[in-house]
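The lines below spell out each chain.
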Amino acid sequence: MEGCNKEMLMIQKWLNQHNELYTSATRHPFTLSIRDGSVDLSAFKRWLGQDYIFVRAFVPFVASLLLKAWKESDDDSDIEVILGGMAALNDEVSWFKREASKWSVSLSSTVPQKTNLEYCRFLESLMSPEVDYTVAVTAFWAIEAVYQESYAHCLSDGSKTPEELKETCQRWGNDGFGQYCHTLQNIANRRLEKSPEDIISKAEATVMRVLEYEVEFWNMSRGET
Ligand SMILES: Cc1ncc(CO)c(N)n1
């Protein structure tokens, strides 16, 4: 494929360079405990309540990304991919409510933890019109990819994920979501390839920040605050 190598390389290059950080986000003790069946269910419930709050803030971030794509993208299909992501989030919000009721987690009385507030504030900073589409779409890829990798691992060969958590893992670990993340990665790589050095460094720093927040987000499940 034309230009394929160079495209694939930008994100691949970062993942190689920052492999330790990427692995700490995608092979976190919390998701590994789901995979090996040793998960503490109160940790899972804490994650569920906090993630619902995060997803509510994620929706306006994706809306802002849609607006950036509409204004800045050189490819119409980007809008359709992001809109598909929005539609999935609509479904996700309903799923969180059902899942919370199943586990007797009260979403209305869940208090956002410091890490969650900081991550949501970071998302909000990315919603600014000053933030380039390339930087925002690359962040979007990273946010989705961490969940995809983490939860797909809970379903892969040899996993002992408890039956009652499989639906959660399927939500992000299914092949369709994997394909979607791959499409986002292609969009990000295509944009990065055409970007000047300063945008590329901003995007790289943003991905690193996302990975750090994702690690801290999983850490919240420990409930140490
Ligand atoms: C914290 C966090 N990161 C990523 C996703 C993926 O949508 C999510 N739901 N929550």
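Quick caveat: nothing in here was measured; it's all calculated off a predicted structure.

## Let's talk about the overall build of the protein chain
- Regarding its fold elements, the protein chain presents ten helices and zero strands.
- Along the protein chain, from the amino end to the carboxyl end, the secondary structure elements read α-α-α-α-α-α-α-α-α-α.
- In terms of its C-alpha atoms, the protein chain occupies a principal-axis envelope of roughly 50 × 35 × 30 Å.
- Of all 225 residues assigned to the protein chain, the portion counted as buried reaches 51%.
- Counting contacts in the protein chain only where the partners sit at least 6 residues apart, residues at least 24 apart contribute 88% of the total.
- Looking at the protein chain as shown, the accessible area adds up to about 10800 Å², and 52% of this sits on carbon and sulfur atoms.

## Digging into empty space enclosed by the protein
- Throughout the structure, instances matching the rule amount to two cavities of 30 Å³ or more.
- In this model, the largest cavity occupies a volume close to 110 Å³.
- For the largest cavity, the lining is made up of 13 residues, of which Asp-51, Phe-54, Ile-143, Glu-144 and Tyr-147 are closest to its centre.
- Of all elements in the fold, only α4 (41-72), α5 (77-102), α7 (133-153) and α10 (197-220) reach the threshold of two or more residues within the lining of the largest cavity.
- With four residues, α4 is the largest single contributor of residues to the lining of the largest cavity.

## Digging into the pattern of salt bridges
- If you walk through the whole model with that rule in mind, you get eleven salt bridges.
- Of the charged contacts in the structure, one is a salt bridge between Arg-27 and Glu-149, with a shortest N-O distance of 3.9 Å. Placement of Arg-27 in the loop between α2 (19-26) and α3 (29-35) and of Glu-149 in helix α7 is noted, with a sequence separation of 122 residues between them.
- For Glu-149, a relative accessible area of 28% puts it in the partly exposed group.
- One salt bridge connects Glu-99 with Lys-102, and the closest N-O pair in it is separated by 3.5 Å.

## Remarks on the site of the ligand
- Around the ligand, the neighbouring residues are Asp-51, Phe-54, Val-55, Phe-58, Glu-92, Tyr-119, Ile-143, Glu-144, Tyr-147, Trp-172, Glu-214 and Phe-217.
- Asp-51 is positioned such that a nitrogen or oxygen atom in its side chain is 2.6 Å from a nitrogen atom of the ligand.
- Between Tyr-147 and the ligand, the recorded distance is 3.2 Å, taken from a side-chain N or O atom to a nitrogen atom.
- Here the ligand, which alone exposes 290 Å², has 100% of that area covered by the protein.

## Some points on the UniProt feature "domain: Thiaminase-2/PQQC" (unreviewed entry) in the protein chain
- As recorded in UniProt, the feature "domain: Thiaminase-2/PQQC" (unreviewed entry) lies at residues 16-222.
- In residues 16-222, helix accounts for 77% and strand for 0%; the two terminal C-alpha atoms are 29 Å from one another.

What counts as what
Residues numbered from 1 in each chain as written. Predicted model: local features only at pLDDT ≥ 70, side-chain atom pairs only at ≥ 80, totals over all residues. Heavy atoms only, no water. Helix = DSSP H or I, 4+ residues; strand = E, 2+ residues; numbered from the N terminus. Buried < 20%, exposed > 50% of the residue type's maximum accessible area, 1.4 Å probe, protein only. Contact = heavy atoms within 4.5 Å. Areas by Shrake-Rupley, 256 points an atom, 1.4 Å probe, with all protein chains shown as cover. 1 Å grid on protein atoms, 1.4 Å probe; cavity = no way out; pocket = protein on both sides within 12 Å on 5 of 7 lines; lining within 4 Å. Points joined across faces, edges and corners; volume = space filled by probe spheres on them. Salt bridge = Lys/Arg side-chain N within 4 Å of Asp/Glu carboxyl O. Near = heavy atom within 4 Å. Polar contact = N/O pair within 3.5 Å; in protein donor to acceptor, adjacent residues only side chain to side chain. UniProt positions renumbered as here; feature names shortened; annotations may be inferred.

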